[in-house]
Amino acid sequence: MSPVLFEAFPLNSALTLANRFVMAPLTRCMAGPGLVPTDTMADYYARRADAGLIISEATIIRADAQGYPNVPGIFSDEQIAGWKKVTAKVHANGGKIFMQLWHVGRVAHSHFSGLQPVAPSAVKHEGTLPRMRDLSYEMPKALTKEDIQQLVSDYVTAAKNAMAAGFDGVEIHGANGYLIDQFLHFDTNKRTDEYGETPENMSRFALEVVDAVTAAVGAERTALRITPGAYAHIEPDARDREVFDYFIEQLNQRELAYLHLGIFDDSMTFEHLGGRSSTYIRERYQGTFISVGGLTPETAAQGITENAFDLAAIGRPFIANPDFVNRVREQKPLVEYDASMLAELV
Ligand code: FNR
Ligand code: 8K6
């Protein structure tokens with residue numbers, strides 16, 4: 001296997017990664033009562049510490065952020081204490097770990113929190129919750145400007161809590177059709193105030209969160225995941241292109257730890273992006289770029305060698321192979337991922 005995969009990579013003056021493999025954030029729905037991370041979760045992450053960087057499963061910043069059962073949170077003392085065990089075990093095994101900060105916006109459900117979901121606009125997502133077919137998505141409340149400022153402040157508190165729990169940094173989840181992404185696409189953002197209608201306005205909430213979190217924990221420990229080509233929970237709109245052109249240009253003026261693509265399969269092409277999402281981002285973003293979506297060790301090595309991306313995030317193969325990095329290094333065969341593996345944390 002190409003030695004480039006095993007070269008150290010300096011993210012910035014604060015952080016150097018041991019290799020080019022990143023464990024992608026993977027929701028596992030296995031948190032304990034109170035959405036507290038368990039000892040089993042700590043062992044699961046510790047087994048994967050030889051990734052250059054682990055990104056935690058998406059972790060909710062407050063109660064109304066929840067759209068899936070048993071996802072962990074980062075807004076109570078018990079949750080912080082649970083995460084401390086995770087970061088301690090990952091660090092003891094020589095790994096590095098960022099927390100992914102999550103609010104699902106309109107794909108939340110009152111079933112979990114008793115609270116009405118919130119979103120940029122009162123536009124309901126059609127359909128039922130995954131694996132909970134008796135629950136249909138609800139009409140979200142359109143956020144007021146005061147609600148938006150509260151949310152920015154809740155992202156900051158969550159980021160500070162993550163640092164208190166021992167994380168090496170935070171990745172703001174701006175991808176996959178969740179709250180921040182809902183502001184960035186015309187399908188879900190129908191606002192007519194300074195958070196809607198134009199690329200500058202539609203980027204405002206995302207940039208406010210990025211800037212506030214950066215001010216709290218430092219740019220070198222703040223990262224972002226984005227989905228320029230809507231593929232989950234949002235319908236694409238050709239006008240989204242201008243929003244992301246503007247948004248990425250603004251991100252170039254901030255020195256984030258990295259920018260991470262959110263997608264399941266990067267061989268998907270989007271007409272309005274002129275091709276693949278990863279190519280679209282790489283052509284515009286000047287900082288460290290993590291690609292993802294169906295990568296194999298071979299395509300990861302090729303992409304890095306050809307300068308298509310800097311780091312390769314690996315999702316499902318990391319579920320199937322806790323020792324993914326070692327297997328690749330030692331050229332051992334990889335176990336193939338199967339959805340039945342989601343039933344337990346191995
Ligand atoms: C995901 N993915 C995901 N993405 C994210 O940003 N936060 C998350 O919590 C999750 N959770 C999650 C759970 C499961 C079971 C899967 C399969 C995927 C998406 C993931 O990070 C990645 O982008 C995709 O899995 C594509 O990469 P692979 O699996 O092809 O390497
Ligand atoms: C009572 C049901 C218990 C089991 C629930 C399992 C739900 C699994 C959800 C996996 C979630 C993955 C989310 C990833 C992002 C999606 C983008 C399409």
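Structure shown above.
Residues numbered from 1 in each chain as written. Chains lettered and ligands numbered in written order. Predicted model: local features only at pLDDT ≥ 70, side-chain atom pairs only at ≥ 80, totals over all residues. Heavy atoms only, no water.

Draft legend 1. Representation of the site of ligand 1. Near ligand 1 you find 19 residues, and of these T27, R225, G294, G315 and R316 are the closest. Measuring from an oxygen atom of ligand 1, one finds a backbone N or O atom of G315 at 2.8 Å. Relative to its unbound accessible surface of 610 Å², ligand 1 loses 92% to contact with the protein. Here the residues of the shell around ligand 1 are counted per class, giving 10 nonpolar, 7 polar and 2 charged. (Near = heavy atom within 4 Å. Polar contact = N/O pair within 3.5 Å; in protein donor to acceptor, adjacent residues only side chain to side chain. Areas by Shrake-Rupley, 256 points an atom, 1.4 Å probe, with all protein chains shown as cover. Nonpolar A, V, L, I, M, F, W, Y, C, P; charged D, E, K, R; others polar.)

Draft legend 2. Summary view of the site of ligand 2. In the region of ligand 2, the neighbouring residues are T27, C29, Y68, P69, R131, Y178, A232 and F264. Relative to its unbound accessible area of 550 Å², ligand 2 is 65% covered by the protein chains.

Draft legend 3. Region of interest: the packing of aromatic side chains. As enumerated under the stated definition, the model contains 15 aromatic pairs in all. Consider the rings of Y231 and F264, whose centres lie 6.2 Å apart with planes at 50°: the pair is tilted. Of this pair, Y231 sits in the loop between β11 (222–226) and α7 (240–251) while F264 is found in the loop between β12 (259–261) and β13 (269–270), placing the two residues 33 residues apart along the sequence. F264 gets classed as exposed once you look at its relative accessible area, which sits at 52%. One aromatic cluster is present, formed by F6, F21, F318 and F324 through successive ring pairs. (Phe/Tyr/Trp six-rings, centres within 6.5 Å; stacked < 30°, edge-to-face > 60°. Helix = DSSP H or I, 4+ residues; strand = E, 2+ residues; numbered from the N terminus. Buried < 20%, exposed > 50% of the residue type's maximum accessible area, 1.4 Å probe, protein only.)

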